[in-house]
Amino acid sequence: MPIVSLKEVAKSYRKGREVIDVLDGIDLDIEEGDFLALMGPSGSGKTTLLNLIGGLDNPTEGSVVVGGQTLGDLSGKGLARWRSRNIGFVFQFYNLLPVLNALRNVELPLLLTNLSGAQRRKNAQTALTIVGLGDRASHKPGELSGGQQQRVAIARAIVADPALLVCDEPTGDLDRETAEEILDLLGILNREHGKTVIMVTHDPKAADHASHILHLDKGQLVEQAA
Amino acid sequence: MSAIGLVWPNLGRKPVRTVLTLMSLLVAFVLFTYLRAIAVAFTSGGFGEAGIDRLVVSPKYSIIDPLPVNHQRSIATVPGVEAVTHADWFGGIYQEPRNFFPKFPVDPEGYFSIYSERVIAPEQLAAFRDTRTGAVVSAGLAERFGWKIGDRIPIEGDIYPKRDGSRLWEFDLVGIYRGQPDDPDPGVFLFQYDYFDEARQFGHGGVGWFIVRVGNPEKAAEIASAIDAMFENSINATRTATEDDSQREFAKQFGNIGLITTGILGAVFFTILLLTANTMAQALRDRIPELAVLKTFGFTDGTVGSLVLAEAILLCVAGGALGIGLAAGVQGFLSVYLEPVIGPIAVDWPIIAQGLALAVLLGAIVGLVPAFSAWRLTIVDALRERQA
Ligand SMILES: Nc1ncnc2c1ncn2[C@@H]1O[C@H](COP(=O)(O)OP(=O)(O)OP(=O)(O)O)[C@@H](O)[C@H]1O
Ligand SMILES: [Mg+2]
């Protein structure tokens, strides 16, 4: 059974009297363990699609099933709880809390669990070690490079051990070399830790790291083998 | 890290902004604490308990005019009056101005017969009557200054010099009285009027006020009018009121302090409200993406809203606690200048509790709008704004 399954998904936004159709008739299955790159011109609806899969937004039509859960069945609170257990998010801008050190930033999602403080810190430290920043736990975001901040954000995304990682242009703000490191890290998480990764990118070199590439154009999918 | 661990560090995000806001909160709460303490000192009437069967006869026009002591005999003849005694305001400094307590020259037996709720051993009362330089103090005062019977207590007469020009009055402690167990300590230092009147340089034959005990408290108003009628045409006209009213009258001489303090505090807190609300609004604007990201992890709208509200409350309580603490710490400064006028001023627990409650309320008001915005924030829109 695919981990993500979209059926006839459409999304439109209403701006006053005008209706903007962003996604239209999307059918998509993503297998567990896949590393999928989602490409397409600016404004083609990549972020919108990713937000639907991650349970951040609701489709206007169609159904989104992730990990066997039909997202449309969940209320706002239920959806929030579901996200906390099943999805890790990585964004172009790392969106770390500048006043908290790396360890505490990574610990944040665990505040919603029943884990003890000691256990939370231990898990956060483990996540930091996985992304190669075990020795930077006490650094604040302002004391880290962009690449390091994105690693912290990735550690934060995996700390609750979700099956699915959803990444919106994770290397969009990084130089070539650093971007490669981040992509390698996502590859490791995919292959060695069994995470399914869905990554939006503009960069064909980034897409090369993926096992599949999907193209989105004007709200429609065009699949190509990697 | 707990929820508070998530809230507290945010105050350190823009240290200058936080410090400035804390400073203005501090100033506002110092002012609040002082003004409340002063207002409380006024409205509590200052000194001691009020009896319902007691009237106070004071000068009609000004509390600092004396009344002739021989009014006492005339007052005693008014029907319904059971007993009359007198007291006066001595002022006086014991060691240093901050050691403030009221000191009254009185007629020993007359005074204790009217203030029957103040208990003194009969042999001590006799000693007070028979010792010209004798003084008695409340148990609370004795404890405060470590006085024992037999001690000689020097008081500097700041209002009244002695006949020989010296300002040093020395009293021999011959007794210690106490109030009723549940009442506050009367805190008054009493000494012989006869000795005082003879030894003082000026003002002979004058007293500050008379205290009258009436047989039937229900007739108090009638008796009060009868007393005032008797002196209506004398140059020493009187104004008679129940003890309770007279304490309030005393306070009124300084204006309606309650209204003034409320007005000042209202203006100050309105300003603070605008200022802090602005700080919070700015703080929120900077953080929209972060708050949205918290929601992506599964923090609910309610939790994120609460975090913002908690931050506003924490900020105000921190500023409030600093201000109240500072005011409580340096209240001696107030006491020196104001206690001789309005009686004991204390930043006590009720004032501290009121201050903290006000801080929480202020935080809640200031945090409400930002908390609501944070609560309403949708992840998708917030993250889009960041990218734009
Ligand atoms: N909340 C919204 N209200 C109105 N229009 C929206 C909203 N969100 C997205 N859109 C529109 O939907 C379209 C697709 O947006 P989306 O962010 O998904 O594109 P994208 O492929 O991620 O683009 P980019 O590569 O620039 O990030 C755009 O035309 C955008 O203006
Ligand atoms: Mg996008």
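Only a predicted model underlies this, so the values are computations on that prediction, with no experimental measurement involved. (Residues numbered from 1 in each chain as written. Chains lettered and ligands numbered in written order. Predicted model: local features only at pLDDT ≥ 70, side-chain atom pairs only at ≥ 80, totals over all residues.)

All names here are of chain B. For strand 4 (residues 103-106) and strand 8 (residues 189-192), the ladder comprises four bridges, and the chain directions are parallel. Looking at strand 8, one finds that V106 is bridged to Q192. Looking at chain direction, strand 5 (residues 134-138) and strand 8 are connected through three bridges and run antiparallel. By the bridge assignment, A135 is partnered in strand 8 with F191. (Pairing = 2+ DSSP bridges. Helix = DSSP H or I, 4+ residues; strand = E, 2+ residues; numbered from the N terminus.)

The next point concerns the interface of chain A and chain B. With 21 residues of chain A at the interface, the matching set in chain B holds 17 residues. If you list the elements that add at least two residues to the side of chain A that touches chain B, you get helix 2 (76-86) and helix 3 (102-107) of chain A. Broken down by element, the residue count for the side of chain A that touches chain B peaks at five residues, all from helix 2 of chain A. Along the lines of polarity and charge, the residues of the side of chain A that touches chain B split into twelve nonpolar, three polar and six charged. (Contact = placed C-beta atoms within 7 Å. Nonpolar A, V, L, I, M, F, W, Y, C, P; charged D, E, K, R; others polar.)

What follows deals with the pairing of strand 7 (residues 164-168) of chain A. Residues and elements named next belong to chain A. Most of strand 7 sits inside the fold, with five of its five residues counted as buried. Here strand 7 shows two buried faces, one formed by L164, V166 and D168 and the other by L165 and C167. As paired elements, strand 6 (residues 87-90) and strand 7 share four bridges and run parallel to each other. Across the sheet, the residue bridging to I87 is L164, located in strand 7. One ladder, built from five bridges, connects strand 7 with strand 8 (residues 196-200); its direction is parallel. Each residue of the ladder has a partner; that of C167, found in strand 8, is M199. Remark: the strand 7/helix 6 (residues 176-191)/strand 8 crossover connection has right-handed handedness. (Buried ≥ 20, exposed ≤ 12 C-beta atoms within 10 Å, placed from the backbone. Right-handed = clockwise from strand over helix to strand, strands pointing away.)

We now examine the nonpolar core. Core analysis: the biggest nonpolar cluster contains 115 residues, and L36(A), L38(A), L128(A), A155(A), I198(A) and M199(A) have the highest contact counts within it. In contact with I198(A), other than residues within four places in its own chain, are I30(A), L36(A), L38(A), L50(A), I53(A), V166(A) and C167(A). One finds V57(B), Y160(B), W209(B) and I227(B) within the second-largest nonpolar core, a separate group that totals 47 residues. (Core = buried A, V, L, I, M, F, W, Y, C linked by C-beta atoms within 7 Å.)

All right, on to the confidence of the model for chain B then. All names here are of chain B. Chain-level pLDDT for chain B is 86 on average; 89% of the residues reach the 70-or-more range. Considering each helix and strand of chain B separately, the mean pLDDT is smallest for helix 13 (residues 331-342), with a value of 63, and largest for strand 8, with 96. Two numbers describe this predicted complex: its pTM, 0.68, and its ipTM, 0.90. (pLDDT = per-residue confidence, 0-100.)

All names here are of chain A. Its 13 residues place the ends of helix 5 (residues 146-158) 19 Å apart at the C-alpha level, agreeing with the 18 Å of an ideal helix rising 1.5 Å per residue. Judged by how many residues are buried, helix 5 sits mostly within the fold: twelve of 13 residues are covered. Inspection of helix 5 places G147, Q148, Q149, Q150, R151, V152, A153, I154, A155, R156, A157 and I158 among the buried residues, and these make up the whole buried set. Those residues of helix 5 that are buried lie in contact with strand 6, helix 3, helix 4 (117-130), strand 7 and helix 6. (Expected span 1.5 Å × (residues − 1).)

Residue and element names in this part refer to chain B. Spanning 28 residues, helix 14 (residues 349-376) covers 39 Å between terminal C-alpha atoms, matching the ideal 40 Å at 1.5 Å per step. Of all the bends found along helix 14, the most pronounced is centred on L368 and spans about 45 degrees, while P370, a proline, follows it within four residues. Buried residues of helix 14: I351, G355, L358, A359, L362, G363, V366, G367, P370, A371 and A374, and no others. (Bend = angle between axes of the 7 residues up to and from the residue.)

What follows is about the sheet that holds strand 2 (residues 18-30) of chain A. All names here are of chain A. Spatially, four strands are ordered 2-1-4-5 in an open sheet, and the strand pairing comes out antiparallel. Each edge of the open sheet carries a strand with a single partner, namely strand 2 and strand 5 (69-70). For strand 1 (residues 4-15) and strand 4 (residues 61-66), the ladder comprises five bridges, and the chain directions are antiparallel. Counted as the bridge partner of S5 is V65 from strand 4.

With that settled, consider the site of ligand 1. What surrounds ligand 1 is a group of 14 residues, the closest being Y13(A), S42(A), K46(A), T47(A) and T48(A). Elements with a contribution of two residues or more to the shell around ligand 1: strand 1, strand 2 and helix 1 (46-53) of chain A together with helix 15 (379-387) of chain B. A per-class count over the shell around ligand 1 returns three nonpolar, seven polar and four charged. (Near = placed C-beta within 6 Å.)

The next subject is unusual backbone geometry. The general pattern is negative phi for most residues beyond glycine and trans for most peptide bonds. Residue and element names in this part refer to chain A. With a phi close to 50 degrees, E8 is a non-glycine residue in the positive phi region. Turning to its location among the elements, E8 is positioned in strand 1. With a phi angle near 50 degrees, K218 is a residue other than glycine that sits in the positive phi range. Mapped onto the fold, K218 is located in the loop between strand 9 (212-217) and strand 10 (220-225). In this structure K218 comes out as partly exposed when scored by C-beta crowding, with 13 C-beta atoms within 10 Å.

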